[in-house]
Amino acid sequence: MSEPMVQVHNVTKVYERGKQQVEVLHGLTLDIPKGDFVALMGPSGSGKTTLLNLIGGLDKPTSGEITVGGNRIDQLGSGALARWRAHNVGFVFQFYNLMPVLSAEANVELPLLLTKLSAAQRRKNVAVALEVVGLADRAKHKPRELSGGQEQRVAIARALVSDPQLLVCDEPTGDLDRKTADEILGLLQVLNKEHGKTIVIVTHDPKAAEFAQRTLHLEKGQLLEQAA
Amino acid sequence: MTRTGFVIANLFRKRVRTILTLLSVIMAFLLFGLLQSVNSVFSSGADFVGATRLFVQARVSFTTALPVSMVPKLEAIPGVVRVAYQQWFGGVWLPTNTPLIMFTLDPQRYHDVYPEWKMPEDQWQAFEHTRTGLIVGRQLAQQYGWKVGQKVPISSNIWPQKNGSKAWQFDLVGIFDGKDADWQKRTNLAFIQQDYFDEANQFGIKGRTNFFILKLAPGANAEAISKTVDAMFENSPDETKTQTEKDFNISFVKQIGDIGLIVRWILFAVFFTLLLVVGNTMAQSVRERIPELAVLKTLGFSDGSVLGFVLAEAFALVLLGGLVGLTLASIAGAMVEKQTGGQFLLELDRGVWLLGVAAIVLMSLAVGGLPALRARRLKIVDALAGR
């Protein structure tokens, strides 16, 4: 068995909604090996996005342990967690979440402002990332000048540019038509198979899940099964 | 792309809004520059260093006349070499109904006390020997196209003639200029003979004047002479207040009221309004970008970095507007100085600029502080979920 990339052990997450406490994840345990491509599926409110946020270091568990790439990220403080995210994980969102005031290449360059790379090296890395997603010719365009599929490719390039080993994608095709969605998922597959990225996606779409190596189902905050 | 480039790009994401806000900042700092320079002139303390002339007026008010008979006593004070005197005439150039800066005076004494005015000697002689004589500065002559030898109809809003008419007529006998650029800027003045005024005014005001000008000997102690003069006339019917030329000009305008207080209240109102306008713009700008700020944090920018971005935007906005406003104030001040012939100095000195920069920093913190703190505190998962 290959080395684990993500280890989630007995994780519980409780949100406070006003005076009410809502337990979203109940003692969940999960291992994702390096180079895996996992789809998380389940009904709304099952805890998919919460789990994804915890794996990506966007939130902290109420209890339990989360280890990603050998780092106990549940123990990191806010600043350390931000630095960890900058170097170890790439994010892709359903609505792309690009900066509308920046061109495609500037959007992709944004994470590199946190590195010590020179401006020339940053430009080179950006060009490579845009080339990988097939958007080298749209580098100067602003997000509003791109189609939904192209915006998502820019978002993927932004997630890739700092060369993280883990990509977390929250409904990456939720806002796209079938054909474009398949192209994006195909691109993720290439990143997984050819570049060795570990990918975790959350999706409602069974067709999208077919692109993953395996699918995990969540319901009411618990992992139901593990399908090959 | 750089962090600075990112800040500027965000600043101009809504161009119309940013430009309108920028204009309000520019206007506020233009007012700040002009008013603060007025304030710094009025709040400066008495400075006798280097004074070559002293002004003596009635202690009660500039408008209370003093007897010309004080001249010999003033001239007897050690360090005083010559005494001139001036009376406000309140002239109005009749054809255009334009107020003039016009005084009555003794020509010879004035000539002796103010060597800075350059005029041919024969014109000084003509002024001294022509009872209806009038001399004017070069700027004034050029403004109205006056030539030596012509008659100039002038009305006085204070002094009617004995026949009841406010319309006076003078013979233009000389046009003077300044000895250097500084004095040339002040040549918007007009002078007539004190003797003619004494003789012709309806109220029978004779032998009295608004103020004396003491020309001091080189190296004389101006402060000591000032004290001597005021002590000399203490407890007399004509108590005096003696000050330098600069302080006299300032106290003349101060009669309007407490200029410093007025300026401070105006500036308070201006900056309070600016605080609301720019503060609201910044708050709105951050509110619109909550998901984007959350994405920045997602990418690995720390809470402090995100706070810094918002503060930098506020700073860039206020800095740009502030510097443009202060520069415009400098230009406007120079124009006012030129238009008033140097009578009204609105120079933005180093102190005003430093105060302006301090105001820029404080204003940036005030308008950017709360939105920046909000940006710093926002939780990624809540912001991305639109909560």
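Everything below is about the structure shown above.
For every chain, the first residue of its written sequence is number 1, and the numbers climb from 1 along that sequence. Each chain is given a letter, starting from A, and each ligand a number, starting from 1, according to the order in which they appear as written. For this predicted model, a pLDDT threshold of at least 70 governs which residues receive local features, and a threshold of 80 or more governs which side-chain atom pairs are given and counted, while totals over whole chains, interfaces and linings are taken from all residues. As a rule here, side-chain values cover all heavy atoms of the structure and leave hydrogens and water aside.

### Re the overall build of chain A
Strands are runs of DSSP state E lasting at least 2 residues, helices are runs of H or I lasting at least 4, and numbering of each runs from the N terminus. Within chain A, the regular secondary structure consists of 7 helices and 10 strands. Taking the principal axes of the C-alpha coordinates as reference, chain A spans close to 45 × 45 × 40 Å. Out of the 228 residues belonging to chain A, those deemed buried represent 54%. Note on areas: these come from Shrake-Rupley sampling with a 1.4 Å probe, and a residue is covered only by the protein chains present in the view. With the model as given, the accessible surface of chain A reaches about 10,000 Å², and the carbon-plus-sulfur share is 48%. Buried residues are those whose accessible area, probed at 1.4 Å on protein chains only, stays under 20% of the maximum for their type, while exposed residues exceed 50% and partly exposed ones sit between those limits.

### Remarks on the overall build of chain B
If you tally the helices and strands in chain B, you get 15 helices and 14 strands. Note on method: radius of gyration uses C-alpha positions; expected globular size equals 2.2 Å times residues raised to 0.38. Against the 2.2 N^0.38 benchmark of 21 Å for 387 residues, chain B shows a C-alpha radius of gyration of 29 Å, more extended than a compact globule. In terms of principal-axis extent, the alpha carbons of chain B reach across some 90 × 45 × 35 Å. Evaluated residue by residue, chain B yields a buried proportion of 48% over its 387 residues. Carbon and sulfur atoms provide 61% of the accessible area of chain B, an area that totals close to 17,800 Å². Only four residue types enter the tally: Lys and Arg on the positive side, Asp and Glu on the negative side; His and the chain ends are excluded. All charge positions are set by atom: Lys at NZ, Arg at CZ, Asp at CG, Glu at CD. Here chain B holds 38 positive side-chain charges and 31 negative ones, and the gap between their average locations is 12 Å.

### Considering the pairing of strand 3 (residues 80–88) of chain B
Within a regular strand, side chains alternate between the sheet's two faces. Residue and element names in this part refer to chain B. Inspection of the sheet shows strand 3 paired to strand 13 (residues 211–216) by 6 bridges, in the antiparallel sense. Along strand 13, the bridge assignment pairs Val83 with Leu214. Summarising the sheet, strand 3 and strand 6 (residues 101–105) pair through 3 bridges and their orientation is antiparallel. Paired with Gln87 across the strands is Thr104, a residue of strand 6. Here, any two strands with at least 2 DSSP bridges between them count as paired.

### Thoughts on the interface of chain A and chain B
Contact between two residues is taken to exist if any of their heavy atoms lie within 4.5 Å; hydrogens are not considered. Facing the 24 residues of chain A at the interface are 21 residues of chain B. Carbon and sulfur atoms make up 69% of the surface buried where chain A meets chain B, a total of about 2,100 Å² over both sides. Defined here as a combined quantity, buried area equals the accessible surface (1.4 Å probe) lost by two parts on assembly, summed across both. The largest per-residue losses of area from chain A upon contact with chain B belong to A:Met99, A:Val101 and A:Leu113, which jointly make up 24% of the total buried on that side. A pairing counts as a salt bridge when a side-chain nitrogen of Lys or Arg comes within 4 Å of a carboxyl oxygen of Asp or Glu. Summed over the shared surface of chain A and chain B, the number is 0 salt bridges. For the purposes of these results, a polar contact is taken to be a pair of N or O atoms within 3.5 Å, where, inside protein, one atom must be able to donate a hydrogen and its partner to accept one; residues adjacent in sequence count only when each atom of the pair is a side-chain atom. Summed over the shared surface of chain A and chain B, the result is 5 residue pairs in polar contact (both at pLDDT 80 or more).

### A few points about the packing of aromatic side chains
The geometry of two aromatic rings is summed up by the distance between their centres and the angle between their planes. Between 30 and 60 degrees the pair is tilted, below 30 it is stacked and above 60 it is edge-to-face, where a pair is any two Phe, Tyr or Trp rings, Trp via its six-membered ring, whose centres lie within 6.5 Å. Summed over the entire model, instances satisfying the criterion amount to 28 aromatic pairs over all chains. Geometrically, the ring pair formed by B:Phe103 and B:Phe211 is edge-to-face, given 6.0 Å between the ring centres and 80° between the ring planes. One end of the pair, B:Phe103, is in strand 6; the other, B:Phe211, is in strand 13, and 108 residues separate them in sequence. For the pair B:Phe103 and B:Phe211, a shared accessibility class is recorded, and that class is buried. What links up through ring pairs into an aromatic cluster is the set B:Phe89, B:Trp159, B:Trp168, B:Phe170, B:Tyr196 and B:Phe197. Its guanidinium or amino end placed over the ring of A:Tyr15, A:Arg17 lies 4.9 Å from that ring's centre, counting from NZ or CZ. Geometrically, a charge over a ring is one whose NZ (Lys) or CZ (Arg) sits within 6 Å of the ring centre while staying within 35 degrees of the ring normal. Sitting above the plane of the B:Trp183 ring, B:Arg186 keeps its charged end 4.4 Å from the centroid.

### Describing the packing of helix 1 (residues 3–11) of chain B against helix 13 (residues 303–339) of chain B
Residue and element names in this part refer to chain B. Between N-to-C directions, angles cover 0 to 180 degrees, with each direction set by a line fitted to C-alpha atoms, over the stretch in contact for helices. One can describe the packing of helix 1 onto helix 13 by two numbers: an axis separation of 9 Å at closest approach and a directional angle of 60°. The element helix 1 and its partner helix 13 pack so that their crossing is right-handed. On the side of helix 1, the interface is formed by Arg3, Phe6, Val7, Asn10 and Leu11, while helix 13 contributes Ser305, Phe309, Ala312, Glu313, Ala316 and Leu317. For the contact of helix 1 with helix 13, the per-class residue count stands at 7 nonpolar, 2 polar and 2 charged. Working rule for handedness: look at the near helix, and if it is turned counterclockwise from the far one by less than a right angle, call the crossing left-handed; if clockwise, right-handed. Note on residue categories: nonpolar means Ala, Val, Leu, Ile, Met, Phe, Trp, Tyr, Cys or Pro, charged means Asp, Glu, Lys or Arg, and polar means any other residue, Gly included.

### Some details on the side chain of A:Glu109
Residue position: A:Glu109 is located in helix 3 (residues 104–109). A:Glu109 sits in the buried class, given a relative accessible area of 5%. Side-chain polar atoms of A:Glu109 contact the side chain of A:Arg122, separated by 2.8 Å. Discounting chain neighbours no more than four positions away, the residues touching A:Glu109 are A:Arg122, A:Val126 and B:Met1.

### Re the sheet that holds strand 2 (residues 20–33) of chain A
Residue and element names in this part refer to chain A. Overall, antiparallel pairing links the 4 strands, which are arranged 2-1-4-5 in an open sheet. Every other strand in the sheet has two partners, leaving strand 2 and strand 5 (71–72) as the edge strands with one partner each. Pairing geometry for strand 1 (residues 4–17) and strand 4 (residues 63–68), over 5 bridges, is antiparallel. Residue Val6 lies in a different strand from strand 4, and its bridge partner there is Val68.

Read these as geometric descriptors, not functional statements.
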